[in-house]
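Topology and contacts: notes
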Amino acid sequence: MEDRKETNHFVRAILFGDETSEKSNILRCIKNQKPASVVASSSEDRIQYNVQFRENRSVKLDLLNHKQDRTHSSYPLRGIQIIIVVFSYKDLSSLNNLKSWINEVDRFSRENIPKIIIGNCFSHNDTIVQEEDVKKIIEDLSCPFARVKENDIESVQNALFLALDQLPSLQNKAPLELTQTQADPNDEHPHRFNCTML
């Protein structure tokens, strides 16, 4: 059988959310725990790294951290292909502000741009936000959702692969270079994948 040529993709995504959502933890986790995959980084504001997303599909993911309270214009969204809105399980207001963030990015972004929501989940003692509240808001917003844990690169990768899977250009019938683990029947958000980093 003839080998299929690998296709390279460049994808730019941006993180939005309240300052208390601690979005920079996502970039820091990638930089610290997958240094061999990192192509370039700029403090806590931006990181580029390589992933093998689907069979014969290599993706260079350019991930930016938007640090202002609001977008105010379309400038930060130029060239963006995926929008990720983040809240923290330690801060209820960051969850309650998700709708405002979604409305804000819808105002300035192109129509039908893929969006996902990520919940920053820390130790049990620090958790204030309840899953019932999260479920209600996520259902109202109708966005894919994933949780990430502090210093847990697997959960970060899972969330970012969920984001990449929203792009039509990366959707095909080829099998994923990700194998879904057995789902926990009690898990309301079973976005669990194993993935191979370049």
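What counts, and at which threshold
- Residues numbered from 1 in each chain as written.
- Predicted model: local features only at pLDDT ≥ 70, side-chain atom pairs only at ≥ 80, totals over all residues.
- Heavy atoms only, no water.
- Core = buried A, V, L, I, M, F, W, Y, C linked by side-chain atoms within 4.5 Å.
- Buried < 20%, exposed > 50% of the residue type's maximum accessible area, 1.4 Å probe, protein only.
- Helix = DSSP H or I, 4+ residues; strand = E, 2+ residues; numbered from the N terminus.
- Contact = heavy atoms within 4.5 Å.
- Phe/Tyr/Trp six-rings, centres within 6.5 Å; stacked < 30°, edge-to-face > 60°.
- pLDDT = per-residue confidence, 0-100.
- Pairing = 2+ DSSP bridges.
- Salt bridge = Lys/Arg side-chain N within 4 Å of Asp/Glu carboxyl O.
- Polar contact = N/O pair within 3.5 Å; in protein donor to acceptor, adjacent residues only side chain to side chain.

1. Some words on the nonpolar core
Ranked by internal contacts, the top residues of the largest apolar core, which has 31 residues, are Ile26, Leu63, Ile84 and Leu164. Breaking this core down by element, the ones donating at least two residues are β1 (7-16), α1 (24-33), β3 (46-54), β4 (57-65), β5 (82-88), β6 (115-121), β7 (145-149) and α5 (153-164). It is α5 that provides the largest number of residues to this core, a total of eight residues. Other than its neighbours up to four places away in sequence, Leu63 contacts Ala13, Leu15, Ile26, Leu27, Ile30, Asp45, Arg46, Ile47, Ile84 and Leu160.

2. Brief notes about the packing of aromatic side chains
For any pair of aromatic rings, the description rests on two quantities: the centre-to-centre distance and the angle between the ring planes. Under the criterion given, the structure shown has three aromatic pairs. Ring geometry for Phe87 against Phe145: centres 6.1 Å apart, planes inclined by 15°, an arrangement best described as stacked. One end of the pair, Phe87, is in strand β5; the other, Phe145, is in strand β7, and 58 residues separate them in sequence. With respect to burial, Phe87 and Phe145 carry one shared label: buried. Every member of this aromatic cluster is reached through a ring pair, and the members are Phe87, Tyr89 and Phe145.

3. Let's talk about the confidence of the model for the protein chain
Looking at the protein chain as a whole, its pLDDT mean stands at 78, while 73% of the residues score no less than 70. Within the protein chain, the lowest mean pLDDT, 30, falls on strand β8 (residues 178-180), and the highest, 95, falls on β5. Contacts from residues 173-198, a stretch scored under 50 in pLDDT, to residues over four places away or in other chains number 57 contacts.

4. Points about the pairing of β6
The element β6 is extensively covered by neighbouring structure, given that seven of its seven residues are classed as buried. The two faces of β6 match: Lys115, Ile117, Gly119 and Cys121 on one face and Ile116, Ile118 and Asn120 on the other face are all buried. Sheet topology places β5 next to β6; six bridges connect them, and they run parallel. From the neighbouring strand, Val85 faces β6, where its bridge partner is Ile117. Bridging between β6 and β7 involves five bridges; their strand directions are parallel. Within β7, the residue paired with Ile118 across the bridge is Ala146.

5. As for the pattern of salt bridges
Scanning the entire structure with this criterion turns up five salt bridges. Note that Arg46 and Asp62 form a salt bridge whose closest N and O atoms lie 2.7 Å from each other. Highlighted residues: Arg46 in strand β3 and Asp62 in strand β4, separated in sequence by 16 residues. Among the salt bridges present, the one from Lys115 reaches Asp106, with a minimum N-O distance of 3.0 Å. A cluster of three or more residues bridged by salt bridges with shared partners is formed by Arg12, Arg46 and Asp62.

6. Remarks on the environment of Gln130
Turning to its location among the elements, Gln130 is positioned in the loop between β6 and α4 (131-141). Between the C-alpha atoms of Gln130 and Leu92, which are 38 residues apart in sequence, the distance is 8.8 Å. Polar side-chain contacts of Gln130 include one of 3.3 Å to the backbone oxygen of Ile128.

7. Description of the side chain of Ser94
Residue placement: Ser94 occurs in helix α2 (residues 92-96). Apart from residues no more than four positions distant in its own chain, Ser94 is found in contact with Asp18, Thr20, Phe87 and Ser88.

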